[in-house]
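Chain and residue survey
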Amino acid sequence: MSPRRSSSSTRPSTLADVARQAGVATMTASRALNDSGYVSESVRKRVSQAAEKLRYRPNIPARQLKVRRLNAVGILLPDIANPFSAELVGGMKDVFDAEGYTTFIATANRTVKEENASLQAFIDHRVDGLVVATRGTMMGDKVLHSVAQQRIPLVTIGRPVHFRGIDSVTANHYQGAFDAVTHLIKLGHKRIGFIGIAPEDGKLLRRYQGYLAALKAAGSEPRPEYTVGPAEGPAYATQEDGYRGLLQLARLHRPPTAIFARNDFAAIGAMHAAHTLGLSIPDDIAIAGFDNIPLAAFTAPPLTTVEQPIAQQGQAAARFLIERMQGKSQQDRTAMMECRLIVRQSTDRTLSADQTLPVR
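Treat the numbers as computed from the prediction; the structure is a model and nothing was measured. (Residues numbered from 1 in each chain as written. Predicted model: local features only at pLDDT ≥ 70, side-chain atom pairs only at ≥ 80, totals over all residues. Heavy atoms only, no water.)

Details of the overall build of the chain
Counting its regular elements, the chain contains 13 helices and 13 strands. When the 360 residues of the chain are sorted by exposure, 51% land in the buried category. The long-range fraction of contacts in the chain, counting pairs at least 24 apart against all pairs at least 6 apart in sequence, stands at 72%. Counting only carbon and sulfur atoms, one obtains 53% of the accessible surface of the chain, whose full area is about 17800 Å². (Helix = DSSP H or I, 4+ residues; strand = E, 2+ residues; numbered from the N terminus. Buried < 20%, exposed > 50% of the residue type's maximum accessible area, 1.4 Å probe, protein only. Contact = heavy atoms within 4.5 Å. Areas by Shrake-Rupley, 256 points an atom, 1.4 Å probe, with all protein chains shown as cover.)

Here it is, written out as structure tokens:
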């Protein structure tokens, strides 16, 4: 009597069988076979050989269900603690909600690894498009390039990238920073520090480049020890960064007399450090920030800052992405919005507590 054939020998091979044969996770096998994610060439080859050996054929109806439009958008933020994020998302949701799109939010926190994992999760869940509002890094930009090559509609906010298939919306961070530092220079400050990024990582941060340009325009050579902050990463600067940064600068033999912080959160942290050290603001040290978050008008003293159109950037990015997803636009676009300097008592003690001086 002939041996009985097992049911496993007659059934079609599944993706799980291929993954088991190749020694990888099922999701990894799916990425390798569909060319839809970040898989090394050696793993891709191993999965392909396993599929051929098992005579694997994809389930076409199931795949069609998977690639069906979900009317879902992924939004990647540096974090959700900064009020900037809430206002930015609010602007986006106004547009996405009106067009019937569901939004999903992920954060990168402080590492490129988490940024990449969040992007991959969005891709794996088949969102129809992506908005990325994290800070530009060399590694992160390579990942965005890879995403664009997969023809996934993508818009960045605050980090212009020059790759085909990516639109960008940004404020003029360079000019805003230039104006803030020029304001400090006109007040007589010559030793001006920057808090919010390590000096070796400032190449891609336009606020830092604006800071440097303003110093050079005034004939002042930037001093590397006057720039303090966390190492390269996609996140916003935090209050803790500002607090630690000012404490570090205060230990210098000739510390700065003024600070330009990367954002208002870092500026508020620096103000707390100044109070801890018994320094008077702005008499002992002047402090300026960037973003004009609502809290900036209520610090002690009120914070000089650069206002950028936050909600408007979110709205513009959402419109760009919808046009991409609906096939109404194939041309790469960049929208840049202007900022304005808001002068308050943290840099100019001649102003009254409820007085601000918009510049430009």
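Re the packing of aromatic side chains
What describes a pair of aromatic rings is the distance from one ring centre to the other and the angle between the planes of the rings. A full pass over the atoms with the stated rule returns 6 aromatic pairs. A ring pair is formed by phenylalanine 194 and tyrosine 211, whose centres lie 5.3 Å apart and whose planes are at 50 degrees; its orientation type is tilted. Here phenylalanine 194 is found in strand E6 (residues 192–195), whereas its partner tyrosine 211 is found in helix H10 (residues 206–217), with 17 residues between them in sequence. What makes tyrosine 211 buried here is its relative accessible area of 0%. A ring pair is formed by tyrosine 208 and tyrosine 211, whose centres lie 5.7 Å apart and whose planes are at 25 degrees; its orientation type is stacked. Taken as a pair, tyrosine 208 and tyrosine 211 lie in helix H10 at a separation of 3 residues, close to a single helical turn. Aromatic rings pair up to connect Phe194, Tyr208, Tyr211, Phe260 and Phe290 into one cluster. Across the ring face of phenylalanine 290, the terminal group of arginine 207 is positioned such that the distance to the ring centre comes to 3.8 Å. In this arrangement the basic side chain of arginine 333 is found over the ring face of phenylalanine 320, its NZ or CZ atom lying 4.2 Å from the centre. (Phe/Tyr/Trp six-rings, centres within 6.5 Å; stacked < 30°, edge-to-face > 60°. Lys NZ or Arg CZ within 6 Å of the ring centre and 35° of its normal.)

Some thoughts on the sheet that holds strand E2 (residues 102–107)
Strands belonging to one sheet form pairs held by backbone hydrogen bonds; the direction of such a pair is parallel or antiparallel. Here we have 6 strands laid out as an open sheet, ordered E2-E1-E3-E4-E5-E11, and parallel in their pairing. For this open sheet the edge positions go to E2 and strand E11 (334–337), each flanked by a neighbour on one side alone. Adjacent strand axes in the sheet meet at a mean angle of 15 degrees, parallel and antiparallel pairs treated alike. As paired strands, strand E4 (residues 154–157) and strand E5 (residues 166–171) are joined by 4 bridges and run parallel to one another. In the sheet register, leucine 154 faces E5, and the bridge partner there is isoleucine 166. In the packing of helix H6 (residues 83–98) onto the sheet, contacts are made with strand E1 (72–77), E2, strand E3 (129–132) and E4, and the angle to E1 comes to roughly 165 degrees. (Pairing = 2+ DSSP bridges. Axes fitted to C-alpha atoms, helices over the stretch in contact; angles between N-to-C directions.)

Details of empty space enclosed by the protein
Over the atoms, a rolled probe matching the size of one water molecule traces out where space is still vacant. Under the defined criterion, the tally for this structure stands at 1 cavity of 30 Å³ or more. In this structure, the largest cavity occupies an estimated 300 Å³ of space. In terms of lining residues, the largest cavity is bounded by 20 residues, among which Arg135, Gly158, His173, Arg207 and Tyr236 are the most central. For the lining of the largest cavity, the residue count by class is 7 nonpolar, 7 polar and 6 charged. (1 Å grid on protein atoms, 1.4 Å probe; cavity = no way out; pocket = protein on both sides within 12 Å on 5 of 7 lines; lining within 4 Å. Points joined across faces, edges and corners; volume = space filled by probe spheres on them. Nonpolar A, V, L, I, M, F, W, Y, C, P; charged D, E, K, R; others polar.)

A closer look at the side chain of asparagine 263
Along the chain, the position of asparagine 263 falls in the loop between strand E8 (258–261) and helix H12 (264–276). Within the local environment of asparagine 263, its side chain forms a polar contact with the backbone oxygen of alanine 237, the two atoms lying 3.0 Å apart. Of note is the side chain of asparagine 263, whose polar atom sits 3.2 Å from the backbone nitrogen of phenylalanine 265. Once residues lying within four places of it in the same chain are set aside, the contact partners of asparagine 263 are Asn82, Arg207, Tyr236, Ala237, Gly289, Phe290 and Asp291. (Polar contact = N/O pair within 3.5 Å; in protein donor to acceptor, adjacent residues only side chain to side chain.)

As for the sheet that holds E6
Strand order in the open sheet formed by 4 strands is E7-E6-E8-E9, and the pairing between neighbours is parallel. Each edge of the open sheet is held by one strand with a lone partner, namely strand E7 (227–228) and strand E9 (286–288). Judged from the 4 bridges that link them, E6 and E8 form a sheet pairing that is parallel. Paired with glycine 193 across the two strands is isoleucine 259, which belongs to E8. The strands touched by H10 are E6, E7 and E8; relative to E6, the strand with the most contacts, the crossing angle is about 175 degrees.

What to know about the confidence of the model for the chain
Summarising the model, the chain shows a mean pLDDT of 87, and 90% of its residues fall at 70 or more. Within the model, the stretch residues 1–9 combines pLDDT values under 50 with 1 contact to residues more than four positions away or in other chains. (pLDDT = per-residue confidence, 0-100.)

Quick word on the packing of helix H7 (residues 112–124) against helix H8 (residues 138–149)
Where H7 contacts H8, the axes come no closer than 10 Å and their chain directions differ by 15 degrees. It follows that H7 is roughly parallel to H8 by the angle criterion. Seen along the crossing, H7 lies across H8 with a hand that is right-handed. In this structure, H7 contributes Val112, Glu115, Asn116, Leu119 and Ile123 to the contact, and H8 contributes Met139, Gly140, Val143, Leu144 and Val147. Looking at the contact of H7 with H8 residue by residue, the classes come out as 7 nonpolar, 2 polar and 1 charged. (Parallel < 35°, antiparallel > 145°, perpendicular 65-115°, else oblique. Left-handed = near helix turned anticlockwise from the far one by under 90°.)

Thoughts on the packing of helix H9 (residues 173–186) against H10
Between H9 and H10, the shortest axis-to-axis distance is 7 Å and the interhelical angle comes to 40 degrees. Considering the angle they form, H9 stands oblique to H10. Here H9 and H10 pass one another in a crossing that is right-handed. Between H9, through His173, Tyr174, Ala177, Phe178, Val181, Thr182 and Ile185, and H10, the contact on the second element is made entirely by Arg206, Arg207, Gln209, Gly210, Tyr211, Ala213, Ala214, Leu215 and Ala217.

Structural notes on H8
In a regular helix each residue adds 1.5 Å, so 12 residues correspond to 16 Å; H8 covers 17 Å between its end C-alpha atoms and thus fits that length. Every buried residue of H8 is listed here: Gly140, Asp141, Val143, Leu144, Val147 and Ala148. One face of H8 carries all of its buried residues, which in axial projection span an arc of 155 degrees. Opposite the buried face of H8, by more than 90 degrees, sit the exposed residues Met138, Met139, Lys142 and Gln149. Residues of H8 that are buried sit in contact with H7, E3, E4 and E5. Once H8 finishes, arginine 151 follows within two positions and takes phi at roughly 60 degrees, a positive value. (Expected span 1.5 Å × (residues − 1). Arc of directions from axis to C-beta.)

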